[in-house]
Amino acid sequence: MTELNKLPPLIPRKVLFGEPEKLNPQVSPDGKKLSYLAPHNGVLNIWIKTIGKDDDKPITDEKHRGIRFYFWCYDNENIVYIRDSDGDENWHLYGVNIKTGLIRDYTPFKGVKMAEYISMEPNFPDRLLIPLNIRDRSLFDVYSLNLKTGAIELVEENPGDVTGLSILGGWLIDHNLKVRACTSMKEDGSAELRVKRGKKWKTLIVWGPEDSFSSPIGFSPDNKKLYVADSRDSDTSYLAEIDINTGEKNILLHDPEYDVSYISYLLFHPETKKLQAIGYMKEYQEWKVLDNEVEKDIKFLKDFHRGNLDILSRDLEDKIWVISYDCDNEPMKYYLYERDKKKVSFLFSARPELEKYKLSETKPFKIKARDGLPLHGYITFPVGVEPKNLPMVVYPHGGPWYRDVWGYRSDVQWLANRGYVVLQVNFRGSVGYGKNFVNAGDKEWGGKMHDDVIDAVNWAIKEGIADPKKIAIYGGSYGGYEALVGATFTPDVFCCAISVCGPSNLITFINSIPPYWKTIRSLFIKRIGDPEKEEEFLKSRSPLFKVDNLKIPLLVAQGANDPRVKKEESEQIVEAARKKGIEVEYILFPDEGHGLINPENRLKFYEIAEKFLAKHLGGRFEE
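Residues numbered from 1 in each chain as written. Predicted model: local features only at pLDDT ≥ 70, side-chain atom pairs only at ≥ 80, totals over all residues. Heavy atoms only, no water.

Enquirer: Summarise the pattern of salt bridges; cite the residues concerned and give the values.
Expert: For the structure on display, the rule yields 54 salt bridges. The closest approach of N and O atoms between glutamate 535 and lysine 539, which form a salt bridge, is 3.6 Å. One end of the pair is glutamate 535 and the other is lysine 539, both in helix 9 (residues 535-540) and four residues apart, which spans about a single turn. The class of lysine 539 is partly exposed, set by a relative accessible area of 25%. Salt bridges sharing common partners tie together Asp297, Arg314, Asp318, Arg339 and Lys342. (Salt bridge = Lys/Arg side-chain N within 4 Å of Asp/Glu carboxyl O. Helix = DSSP H or I, 4+ residues; strand = E, 2+ residues; numbered from the N terminus. Buried < 20%, exposed > 50% of the residue type's maximum accessible area, 1.4 Å probe, protein only.)

The following block contains the structure:
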């Protein structure tokens, strides 16, 4: 058991989970203004200031749901941002003019979604290209938006198979704001990269089902080549430059152990669009510099502060960079870097109140699964106590085609501060470790993917880290499904479970995916199973049909408007568990979707979860 009296002071939930004080700063293209997100009347809004002056002011006035993503336009007058309605993920594109204060909804179409990527170029300051599903809710066409008039015009119609997910390529726009490439998914799970030559589309690459997470990233400065994350003829995906006329391939970065993929960070020159450097994740972040012009900058900035370096924004003259550092045991820090002077100026911390408290370090670990497959993960210990025989929270990531990385996580620090070891394992099916590792997760939801989690738990027990009688499992999205699997497939391993937006029945989950995921349904069938042909198999991997095994307390949280994992996924297992007489707490948030965005909802959830864990694991909680 944790010696609670040896733990550092309790960190208030509001400090961990309330709105950040400031975050996501960006420099205007002309280098004169700085923007950032900060609460205005308690809700995250966009603020701007003149660089070198203290004239900060909010320029938006959202009153209910905070802004998370925004971008400067190249006219230096407009900032665009996206917002949905209470978590329904039907993203609208809004614009605010910093001179007039006028705010307009550029996509005021009911039930229409903008895919989460925007194309803009310095030579076309008044235009954007955006994907919208106006014509057909299951497909994204490309539209041109005039920022001054608000007029939108269809420029490329979807032939019926182009994906709407940027991580799989979707539509690719060149530096002349022309639609020049696209990625489609086929029924067998393979993918096709097509390029436009004149008015005709030609196939450039066909990726087999085993390579389906390969994807194009963008165009070279002369628009003659494509940067592609490619795993053909390799286990790990590498970054290549491919000539769109000849198909000739030049490999820019290839790591034999780790992927260079859609979760990597690519640094392009803001005006010339030259690819200059790549930051990608191994156990920790690594940088590969491709352009001598930024080599000294990257080295200087890497040495300036520990943590994952991110270059958030650059002005067009490339004199000012806005950067951030992400560390395991401190909140995100933001700086302004003046290249000519090699001067770094502190801007702000996302959560300055948090800096008063002692946070935990997160360390990587590597083990072997029961079938010999190498597994990577991270472990975080409470500060001040011996790492022996402690209560533990297993925290599987969402996706599942994602991975845990080293860095700051509010929820991990919260759990460690309450007295728990936090175990995060990148089970098979996670990206980042090569296609064989991803493909080893095919049709292993609730199978070997879960075995990997249990193998990591058994490792922590064998090492004497975890008290085998005090282990909880907690996750969201796929992690929520995994928590339900833990509770129903291996109930003797865990003493309680928390699921947030987790699927409970893989058949209803796949059959209820949003219409705009139609083009990637084949990916779900390949990776999870086919509801029409493999009904019994999917039932065998669904927690709902294992509910008779459930004997541990369960906490379930769900957003009512979740378009990915419908609320019925949570409600059907809650109902089944309650019929069995199992202790289940269920929280439905009427104004949330796939996750908790509104701070009052986050604080409510963590208050309930904290007391739930304290009751069953023996850690501490804030009254």
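Here the narrative resumes.
Enquirer: Requested: an account of the sheet that holds strand 10 (residues 141-146), with residues and values cited.
Expert: An order of 9-10-11 is seen for the three strands of this open sheet, with the pairing classed as antiparallel. Strands with a single pairing partner mark the edges of an open sheet, and in this sheet they are strand 9 (127-132) and strand 11 (152-156). Neighbour-to-neighbour, the strand axes of this sheet turn through a mean angle of 35 degrees, independent of strand direction. Here six bridges tie strand 9 to strand 10, and the two strands are oriented antiparallel to one another. The partner of proline 131 across the bridge, within strand 10, is valine 142. (Pairing = 2+ DSSP bridges. Axes fitted to C-alpha atoms, helices over the stretch in contact; angles between N-to-C directions.)

Enquirer: Tell me about the packing of aromatic side chains, and please be specific about residues and values.
Expert: Each pair of aromatic rings is reported with the distance of its centres and the angle of its planes. This structure, assessed with the given rule, holds 36 aromatic pairs. Ring plane angle 55 degrees and centroid distance 5.2 Å describe the contact between tyrosine 334 and phenylalanine 348, whose orientation is recorded as tilted. Of this pair, tyrosine 334 sits in strand 25 (residues 330-338) while phenylalanine 348 is found in strand 26 (residues 343-349), placing the two residues 14 residues apart along the sequence. Residue tyrosine 334 is classed as buried on the basis of its relative accessible area of 7%. We classify phenylalanine 348 as buried; its relative accessible area is 7%. Here a set of aromatic residues connected by ring pairs shows up, and it is made of Phe213, Trp401, Phe427, Trp445, Tyr478, Tyr481, Phe509, Trp517 and Phe524. The cationic tip of lysine 113 hangs over the ring face of tyrosine 516; the distance from NZ or CZ to the ring centre is 4.7 Å. (Phe/Tyr/Trp six-rings, centres within 6.5 Å; stacked < 30°, edge-to-face > 60°. Lys NZ or Arg CZ within 6 Å of the ring centre and 35° of its normal.)

Enquirer: Could you give an account of the sheet that holds strand 14 (residues 191-197), naming the residues involved and the relevant values?
Expert: Spatial strand order, 12-13-14-15: four strands in an open sheet with antiparallel pairing. At either end of the open sheet lies a strand with only one pairing partner, and these are strand 12 (171-173) and strand 15 (200-207). Strand-to-strand twist in this sheet, taken as the mean axis angle between neighbours without regard to direction, amounts to 20 degrees. Of the strand pairs in this sheet, strand 12 and strand 13 (residues 179-185) are connected by three bridges, and their pairing is antiparallel. Bridge pairing in strand 13 links tryptophan 171 to cysteine 182.

Enquirer: Pulling in residues and values, what's your account of the environment of tyrosine 420?
Expert: Relative to the helices and strands, tyrosine 420 resides in the loop between helix 3 (410-417) and strand 30 (421-426). With 38 residues separating them along the chain, tyrosine 420 and proline 382 place their C-alpha atoms 6.1 Å apart. With residues near it in sequence (within four places) discarded, tyrosine 420 still touches Thr380, Pro382, Pro391, Val393, Leu415, Leu613, Ala614, Leu617, Gly619 and Arg620. At 3.4 Å, the side chain of tyrosine 420 and the backbone nitrogen of alanine 614 are in polar contact. Here the side chain of tyrosine 420 touches glycine 619 through a polar contact of 3.3 Å, landing on its backbone nitrogen. (Contact = heavy atoms within 4.5 Å. Polar contact = N/O pair within 3.5 Å; in protein donor to acceptor, adjacent residues only side chain to side chain.)

Enquirer: An account of helix 10 (residues 567-579) is needed here, citing residue identities and associated values.
Expert: Compared with an ideal rise of 1.5 Å per residue, which puts 13 residues at 18 Å, helix 10 spans 18 Å between its outermost C-alpha atoms and is within 8% of the ideal. For helix 10, the full list of buried residues reads Glu569, Ser570, Ile573, Val574, Ala576 and Ala577. Down the axis of helix 10, the buried set is contained in an arc of 165 degrees. They therefore lie on one face. Directly after helix 10, the chain includes glycine 581, whose backbone phi takes a positive value near 85 degrees. (Expected span 1.5 Å × (residues − 1). Arc of directions from axis to C-beta.)

Enquirer: So what about the state of the cysteines? Which residues, and what values?
Expert: Per the counting criterion, the structure on display carries zero disulfides. No disulfide involves cysteine 495; its nearest neighbouring cysteine sulfur is the one of cysteine 496, lying 4.2 Å away. We classify cysteine 495 as buried; its relative accessible area is 17%. Left unpaired, cysteine 501 is separated from the closest cysteine sulfur, that of cysteine 496, by 19 Å. (Disulfide = S-S within 2.5 Å.)

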